[in-house]
Structure formats: C-alpha cells, structure tokens
Amino acid sequence: AQSVAQPEDQVNVAEGNPLTVKCTYSVSGNPYLFWYVQYPNRGLQFLLKYITGDNLVKGSYGFEAEFNKSQTSFHLKKPSALVSDSALYFCAVRVLSSGSARQLTFGSGTQLTVLP
Amino acid sequence: DGGITQSPKYLFRKEGQNVTLSCEQNLNHDAMYWYRQDPGQGLRLIYYSQIVNDFQKGDIAEGYSVSREKKESFPLTVTSAQKNPTAFYLCASMAGDQPQHFGDGTRLSIL
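Within every chain, residues take consecutive numbers counted from 1 along the sequence as written. Whichever chain is written first becomes A and whichever ligand is written first becomes 1, with later ones labelled in order. Where local features are concerned, this predicted model is filtered to residues with pLDDT of at least 70; where side-chain atom pairs are given and counted, the filter is 80 or more; whole-chain, interface and lining totals use all residues. The basis for the side-chain values is all heavy atoms of the structure; hydrogens and waters are excluded.

What about the sheet that holds strand E1 (residues 4-7) of chain B?
Residues and elements named next belong to chain B.
Phase 1: Here we have four strands laid out as an open sheet, ordered E1-E3-E8-E7, and antiparallel in their pairing. Both outer strands of the open sheet, E1 and strand E7 (64-66), are each paired with one neighbouring strand and no more. Strand-to-strand twist in this sheet, taken as the mean axis angle between neighbours without regard to direction, amounts to 20°. At least two bridges found by DSSP between two strands are what make those strands a pair. Secondary structure elements are defined from DSSP: runs of H or I of at least 4 residues count as helices, runs of E of at least 2 residues count as strands, and each element is numbered from the N terminus. Under this scheme, a helix contributes an axis fitted over its contacting stretch, all axes are lines through C-alpha atoms, and angles between N-to-C directions fall in the 0 to 180 degree range.

Here it is, written out as structure tokens:
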C-alpha cells in the first residue's frame, strides 16, 4: 500500500519570505511524486513531478521540490512567497511502473496563507 | 483548448434521488478517474477507468456507479444508497505516465 502524509494542515508565511510545505511518503517500489495546487472551488493544477534523476525538481510559478530518498520526503519550496501563492497544496504519490491502474494517493492537503 | 469539463458546477439532491455528474474530456486520454473531496481529508478515489467499457472500484465506491461507453465521457451517478453525498467531486484524466489533469469540479449538496 502507498500513503502520503502532509503533517501541517496550515502554513503561514510573510510575503517575500521563503516557504516550505512538507510531504512524506510510503511506497513499495520507486515513487512517482507530484505536487498540485488548488484554488477555491477549482480543480487541482499540476505544479511539478519527480520520476528519476536530479533530486531537485523545478516546476511552475517558481516552485521547486526536493526528493530525499533516505527521509522519504518530497517537500515543496519557493524562495520568495507571493500573496497569490495562497492556496491549498496537495502532495501525491504512486508507484512507478506498477503495472496497476496508475492510481494516485493524495495527502490531506496543506493550506498555505501568504500574509502581505 | 483541450481539457476536462465537469457539469453542473453545483447540484442539489433530494432524499431518495439519484443524480448524475458529467465529465467530458477532449484530451484523448485513456484513463479517467473520479475523486471525492471533503474538507481536511484530501482526495479519495471513487472509481477509475483505464479503457472504454471497463472500470474498477476505488477506495469509496459504495453508493456510486459509473459507465465508460465512450473514451471522452465518464459520468458518475450518486445513488440514494450514498447516505452522505455532500462533497466536492473531481474528475481527472491521464495518458501514459503524465500527470493527471483535473476538471473544475461539481459541488453536490442535499436539499
């Protein structure tokens, strides 16, 4: 079974400061990791993914994430937060090349609020 | 532009009534998914389909039904057996190992 934990329901950060949204995962096999963002009453928008290769992945809107295999983590980061980054963020995982239905397992979400 | 269209955006259900949520995609994706989103619980998989005329139950399929008669369409029926249907429902599609694309959801409430 695969699982994802987002230990923080809420993260507050001042505009211009760096932000981190935490994610840890558990899978049997090589993980395929994602970050999505959701604005109110909208669907999820893809931010970035990790399959293999460089542990630092760069994505949309200046976001990046660092894959750490030993800590089974995939934290989302941004060097300088914007008020417009305020949204709900989801981490998701599936097993790469599982041959199954390519199901994603989502974390419970972290509400990011960037304060002006 | 290609994408996923969910309709209606808001839906109300009376007691004992079945309702159907529409999901249409023009991305030519083989796989389609239905998720339920409740506050603080993330997304939970209801049903998924990898090819036309085939679908499988997800983690919370009880009280729901689906069909996949066309590649583009994957409607979800919330039956009267679903006792707590109030939620935000999201449809997604995917091709190969690419990220899932999501529609903008349908919010279902009980009258």
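Quick word on the pairing of strand E12 (residues 110-115) of chain A
Residues and elements named next belong to chain A.
Phase 1: The rule is simple: take the accessible area with a 1.4 Å probe, protein chains only, and divide by the maximum for that residue type; under 20% is buried, over 50% is exposed, in between is partly exposed. Burial along E12 is one-sided: Thr-110, Leu-112 and Val-114 are buried, and none of Gln-111, Thr-113 and Leu-115, which face the opposite way, are.
Phase 2: Alignment of strand E2 (residues 10-14) against E12, held across five bridges, turns out to be parallel. Paired with Ala-14 across the bridge in E12 is Leu-115.
Phase 3: Sheet analysis places strand E10 (residues 87-95) next to E12, joined by three bridges and oriented antiparallel. Residue pairing for E12: Tyr-89 is matched across the bridge by Thr-110.

A closer look at the state of the cysteines
All names here are of chain A.
Phase 1: In this description, a disulfide is simply a cysteine sulfur pair whose atoms lie within 2.5 Å. Here the structure, examined in full by the defined rule, presents two disulfides over all chains.
Phase 2: Between the sulfur of Cys-23 and that of Cys-91 lies a disulfide, 2.0 Å long from S to S. Between Cys-23 and Cys-91, the S-S dihedral sits near -65°, and the bridge is therefore left-handed. With Cys-23 in the loop between strand E3 (19-21) and strand E4 (24-26) and Cys-91 in strand E10, this pair connects stretches of sequence that are 68 residues apart.

Function cannot be inferred from these measures alone, as they are strictly geometric.
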